[in-house]
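Each chain, letter by letter, is given below.
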Amino acid sequence: MVSAIWTARSLDGDFVKTVPFPAFGTAAQPSWLRISALGTAEFSLSVLFLCAHTIFIPEKRVLGWLKTRFLYIHIAYMQIFSGIRFLCSSFLLFFLIPCLAFAEQKYIIAQEVFEISGRTREKRLLDELGTAEGRIFSSESELEAFAEYRKQELENLRLFKETSVDIEYPEEGAVPPDQEGGESKPEADGPIQVVLRTKVEDGIPILPIPFAFYNSNSGFAAGVFLNMPNIFGTMQDLMLAGVYMAPPAADDSLQWTDPDLVFGLMWQGIKIFRLKLTVVAALVKINQETTARGIPQVKLTHTSLTGGIMLTYPFTESFSTSSSFMYTAGLANSLVDVSNPDYLQYGPYKTQIQVGQIFSFDNVNWTGNFRKGIKIRGDIGYNYADPVHAEAYHDFSSSLEYCQYFAAGEWINPNFRAGAFINSGPPSLEAGRFIRGIRDNELKGNYGFYVNTGIQIRILRLKILEVHLAPSADFIFVSAYSDPDYLADYGFAIGSDIMVILNHMKSLPLRLGFAYDLRPESRIGNKRYEINFSFSFAY
């Protein structure tokens, strides 16, 4: 039996010395087979060790001269050690190895190929998406989920007419290409090498959009937008606009002979390292009618020049922050009529400076022209205004907004928005902008909250466009604590939007809305309805 003990020890020592554990991670056989060999050897040696020390104990008479307390302690220790080793090797051999043997094969993206139909630059796509080459996936389902996620990222950009992301698996016995186009030799038992093929098709590079419409808040407007999405393939958007507007008077008559004129520019998506820059500029000549709850207080004309920037930093794929700065300089102004001098603080301005910080969480995915997910936006702002005919003042403001969009099949997209706002300076005279059906200047408040609900329904799909209908119901509560004669008000309205979405300019839907004010007659300051036209979704 002594010889059996020393034989077991010798086998164990030789095995450990000649076949170290790291070798089982580099051998050419499949990993589960390598670990199986180790487990089998460990199991056999642990059984031999345990049996040798167990059989030795009864033979005390043969080895009487070895009866010492030290020997019994040593034998007990070896029995415990061998038993633990036996249990561990049993787990390895009978549980872990079968799991590994039936585990799915790993995959690696050996090459990513871009097929671009249009002007988009491959480098800008890589900057936006990040490279996929070299990424390893533990299963086929995980690889396919990544490809689907990458396609969703392209859809969310709203820049391309068509997008697709496909996985090309190697044929049996085939050797996939390497990054230089030659053949690469995969390591034995290495991940299966696949090719990720990304296809994008650009829309029209320059799209002039002439328009003419009526809006309850701004009157008749006509002009042209020059939309240049993905300009020069840089994934930046440039828009130029020239607008003629005949603003409405108190009785809704239009001022055709004394119009408002607006010339504007917006360039967004300019990438500076991880930052994204947006630049805006506008030259405006307008006839301003300052109203409180629909009642005219001051009439004036003024011309101003505005310029601003916004820098956006993405902390994660969903969470980002934006810093904005806007400066407005008054070029010319004249008062037409003053019914209440208190409202001269709302303009015209010699100078106006606006600074803001926005925090947004955007986990919304686009499927066609429907959205799914949630979007949260919070902002704080500072406004310095120096009116021509009143004292300069400072105003601090804050707002919070939550939007959610639900997927309910391919034809229906329910959604809602809830938000609140507050400011420290003069009450906002356009608190009605948060609700459809009540004109912007019908509500006045320093703080308030609102809820918008809607169901976006696709009613027509053609090759080049889709037509959607969106019934809505909105509610708002506002209060002006700095105005003792106007402590609180509320609004409730229902209506519907009709939207036309062109495949070549998904980021600029044409939306015409009509909504009806359901408040009592005593609460309505002007008209009971609102007509609105815009180039954006309601929220």
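Residues numbered from 1 in each chain as written. Predicted model: local features only at pLDDT ≥ 70, side-chain atom pairs only at ≥ 80, totals over all residues. Heavy atoms only, no water.

Colleague: Explanation requested: empty space enclosed by the protein in the structure shown.
Modeller: Sizing a probe to match a water molecule and rolling it over the atoms shows the empty space that remains. Across all of its chains, the model carries 4 cavities of 30 Å³ or more by this definition. Taken as a whole, the largest cavity holds about 110 Å³ of empty space. Taken together, 14 residues make up the lining of the largest cavity; nearest its centre are Asn-415, Arg-436, Gln-456, Ala-470 and Ala-538. Elements with a minimum of two residues in the lining of the largest cavity: strand E16 (447–461), strand E17 (465–479) and strand E18 (488–502). (1 Å grid on protein atoms, 1.4 Å probe; cavity = no way out; pocket = protein on both sides within 12 Å on 5 of 7 lines; lining within 4 Å. Points joined across faces, edges and corners; volume = space filled by probe spheres on them. Helix = DSSP H or I, 4+ residues; strand = E, 2+ residues; numbered from the N terminus.)

Colleague: Whenever I open this one, the packing of aromatic side chains confuses me. Can you help?
Modeller: Counting across every chain of the model gives 21 aromatic pairs. Measuring from ring centre to ring centre gives 5.5 Å for Phe-211 and Phe-213, while their planes differ by 25 degrees; the resulting arrangement is stacked. For the pair Trp-366 and Phe-537, a centre-to-centre distance of 5.6 Å together with 50 degrees between the ring planes defines the contact as tilted. Here Trp-366 is found in strand E12 (residues 349–367), whereas its partner Phe-537 is found in the segment after strand E20 (529–534), with 171 residues between them in sequence. Assigned by exposure class, Trp-366 and Phe-537 land together as buried. One residue, Arg-371, lies across the ring of Phe-537, its end atom 4.7 Å from the ring centre. Here the basic side chain of Arg-439 rests over the ring of Tyr-529, its NZ or CZ set 5.1 Å away from the ring centre. (Phe/Tyr/Trp six-rings, centres within 6.5 Å; stacked < 30°, edge-to-face > 60°. Buried < 20%, exposed > 50% of the residue type's maximum accessible area, 1.4 Å probe, protein only. Lys NZ or Arg CZ within 6 Å of the ring centre and 35° of its normal.)

Colleague: How should the packing of helix H4 (residues 122–129) against helix H5 (residues 140–157) be read in this particular structure?
Modeller: Two packed helices can be described by the angle between their axes and the distance between those axes. As a packed pair, H4 and H5 sit with axes 11 Å apart at the nearest point and diverge in direction by 105 degrees. Judged on the interaxial angle alone, H5 and H4 are roughly perpendicular. The segment H4 lies against H5, with Leu-125, Glu-128 and Leu-129 engaging Arg-150, Glu-153, Leu-154 and Leu-157. (Axes fitted to C-alpha atoms, helices over the stretch in contact; angles between N-to-C directions. Parallel < 35°, antiparallel > 145°, perpendicular 65-115°, else oblique. Contact = heavy atoms within 4.5 Å.)

Colleague: What is the right way to look at the pairing of strand E9 (residues 275–292) in this model?
Modeller: The side chains of a regular strand alternate between both faces of the sheet. Pairing of strand E8 (residues 260–272) with E9 involves 10 bridges; the strand directions are antiparallel. Within E9, the residue paired with Ile-272 across the bridge is Leu-275. Connecting the antiparallel pair E8 and E9 is a turn made up of 2 residues, with Phe-273 showing a positive phi of about 55 degrees. The sheet contact formed by E9 and strand E10 (residues 295–314) spans 17 bridges and is antiparallel. (Pairing = 2+ DSSP bridges.)

Colleague: What am I meant to see in the environment of Leu-154 here?
Modeller: When you line up the elements, Leu-154 lands in helix H5. Taking C-alpha positions, Leu-154 is 9.1 Å from Leu-125, a pair spaced 29 residues apart along the chain. Not counting chain neighbours up to four residues away, the residues in contact with Leu-154 comprise Leu-125, Leu-129, Phe-160, Thr-163, Val-165, Thr-198 and Val-200.

Colleague: Any chance you could explain the side chain of Asn-413 here in plain terms?
Modeller: Within the secondary structure, Asn-413 is located in strand E15 (residues 412–423). When sequence neighbours within four positions are dropped, the list of residues in contact with Asn-413 reads Phe-370, Arg-371, Tyr-405, Phe-406, Ala-407, Gly-454, Ile-455 and Gln-456.

Colleague: Is there a simple way to think about the confidence of the model for the protein chain in this case?
Modeller: Note: predicted coordinates in regions of low pLDDT should not be interpreted at a detailed level. Confidence in the prediction for the protein chain averages 82 pLDDT; 76% of positions are at 70 or higher. For the stretch residues 1–33, pLDDT sits under 50, and the model shows 41 contacts to residues farther than four places along the chain or on other chains. Low pLDDT, under 50, characterises residues 59–63; the predicted model gives this stretch 6 contacts beyond four residues in sequence or across chains. (pLDDT = per-residue confidence, 0-100.)

Colleague: What should I look at first to understand the pattern of salt bridges in this one?
Modeller: For side chains bearing opposite charge, pairing can occur when the charged atoms are close. The final tally for this structure, using the stated rule, is 23 salt bridges. Of the charged contacts, one joins Lys-276 and Glu-128 as a salt bridge, the two residues approaching to 3.0 Å between their closest N and O atoms. Of the two residues, Lys-276 is situated in strand E9 and Glu-128 in helix H4; the sequence distance between them amounts to 148 residues. Residue Lys-276 is classed as partly exposed on the basis of its relative accessible area, which comes to 30%. Lys-285 is the partner of Asp-258 in a salt bridge, and the nearest nitrogen-oxygen pair spans 3.1 Å. In this pair, Asp-258 sits in the loop between strand E7 (237–246) and E8 while Lys-285 sits in strand E9, placing the two residues 27 residues apart along the sequence. The class of Lys-285 is partly exposed, set by a relative accessible area of 27%. A single salt-bridge network, built from bridges that share partners, covers Lys-123, Arg-124, Asp-127, Glu-128 and Lys-276. (Salt bridge = Lys/Arg side-chain N within 4 Å of Asp/Glu carboxyl O.)

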